[in-house]
Amino acid sequence: TGGDYSCTGFFISEDVVATAGHCVHGTGLGGWATSITVYPGRNGDTAPYGSATSTALYAPQEWVDNEDDRFDYGAIKLDSALGMTTGWLGYGVKLDEKLVKVNVRIFGYPADKPFATMWGTKRKIKGVAAEKLFYKIDTYGGQSGSPVYGKVSNSCQTCAFGIHAYGIGIEPFPGSNSATRVTDAVFADL
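Quick notes on the rules
Residues numbered from 1 in each chain as written. Predicted model: local features only at pLDDT ≥ 70, side-chain atom pairs only at ≥ 80, totals over all residues. Heavy atoms only, no water. Helix = DSSP H or I, 4+ residues; strand = E, 2+ residues; numbered from the N terminus. Rg over C-alpha atoms; globule rule 2.2 N^0.38 Å. Buried < 20%, exposed > 50% of the residue type's maximum accessible area, 1.4 Å probe, protein only. Disulfide = S-S within 2.5 Å. Salt bridge = Lys/Arg side-chain N within 4 Å of Asp/Glu carboxyl O. Contact = heavy atoms within 4.5 Å. Core = buried A, V, L, I, M, F, W, Y, C linked by side-chain atoms within 4.5 Å. Phe/Tyr/Trp six-rings, centres within 6.5 Å; stacked < 30°, edge-to-face > 60°. Lys NZ or Arg CZ within 6 Å of the ring centre and 35° of its normal.

(A) Inspection of the overall build of the protein at higher detail. Scanning the protein from N- to C-terminus turns up four helices and 14 strands. Relative to the globule expectation of 16 Å for 190 residues, the C-alpha radius of gyration of the protein, 15 Å, shows essentially globular dimensions. Here the C-alpha coordinates of the protein stretch approximately 40 × 35 × 35 Å along the principal axes. For the protein, with 190 residues in total, the buried portion stands at 48%.

(B) Examining the state of the cysteines more closely. Following the criterion strictly, the structure yields one disulfide and no others. Disulfide pairing places Cys 7 opposite Cys 23 at an S-S distance of 2.1 Å. One quick way to see it: the torsion about the S-S bond of Cys 7 and Cys 23 is about -85°, and its sign makes the bridge left-handed. Placement of the pair is Cys 7 in the segment before strand 1 (10–13) and Cys 23 in the loop between strand 2 (16–19) and strand 3 (25–26), with a sequence separation of 16 residues. Judged by relative accessible area, which is 32%, Cys 7 ranks as partly exposed.

(C) Structural context of the pattern of salt bridges. According to the stated counting rule, one finds five salt bridges in the structure shown. The salt bridge involving Asp 68 is made with Arg 70; its shortest N-O contact spans 2.6 Å. Between Asp 69 and Lys 132 there is a salt bridge whose closest N-O contact spans 3.6 Å. Of this pair, Asp 69 sits in the loop between helix 1 (61–66) and strand 7 (74–78) while Lys 132 sits in strand 11 (residues 132–135); the two residues are 63 residues apart in sequence, bridging distant segments of the chain. You can call Asp 69 partly exposed: its relative accessible area is 27%.

(D) Molecular detail of the side chain of Gln 143. With respect to the helices, strands and loops of the structure, Gln 143 is situated in the loop between strand 11 and strand 12 (147–150). In contact with Gln 143, not counting residues within four places along its chain, are Thr 8, Ile 106, Phe 107, Gly 108, Tyr 109, Pro 110, Trp 119, Asp 138 and His 164.

(E) Summary view of the nonpolar core. In this structure, Phe 10, Ile 12, Val 17, Ile 36, Ile 76, Leu 78 and Ala 160 are the most contacted members of the largest nonpolar core, which totals 30 residues. For this core, the secondary structure elements donating two or more residues are strand 1, strand 2, helix 1, strand 7 and strand 13 (159–166). Of the residues forming this core, the biggest block, four residues, is contributed by strand 13. Residue contacts for Ile 36: discarding those within four places in its chain leaves Cys 23, Val 24, Ala 52, Thr 53, Ser 54, Leu 57 and Ile 76. Ile 137, Cys 156, Phe 161 and Ala 179 belong to the second largest nonpolar core, which has 15 residues in total.

(F) Local environment of the packing of aromatic side chains. A complete count under the given rule lists one aromatic pair for this structure. Consider the rings of Tyr 91 and Phe 187, whose centres lie 5.1 Å apart with planes at 50°: the pair is tilted. With Tyr 91 in strand 8 (residues 90–91) and Phe 187 in helix 4 (residues 184–189), the pair connects residues that are 96 residues apart, well separated along the chain. The ring of Tyr 39 carries the charged tip of Arg 42 above its face, separated from the ring centre by 4.4 Å. Positioned over the ring face of Trp 119 is Lys 113, at 4.8 Å from the centre of the ring.

The analysis is restricted to geometry; functional conclusions fall outside its scope.
Written out as structure tokens, the structure is:
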């Protein structure tokens, strides 16, 4: 078990990165990841902001115990405050009607592109569920943990409303990729 894995994340404070739960804990990892190194803004072999190492990992109990896809989110506490240099992304809870058909962006590090290069695009949210967002934005392994972000209102200029976690195949929107939605509970946890 274990090995090297690549995921995406985004700063939510000076020393905390949000990501998918399966990036910090899961059967593919053999339980909790033993160490995570974060390279903000990485571009191939170039790491313009250096790196930081995890000091603590978090995922909700529903993910840790059952790998329930509705709770596939996590956080990485870092050994330095790199976010003071890079800045961080706001995140927010929005009503269904504020999210349906809104353009959102997903940028991350897909493994089918040149090593450690960021790629992304924008499209509209196709549907929402209590704990999920659904969209037909092209993603690939390695982009798990990417923020699903955009501008929905003046109260949160360019905020994350979800954390990308899954490719095609999650119901009730077949053919759509999905994110764990930032709900009141997710917001409080983060």
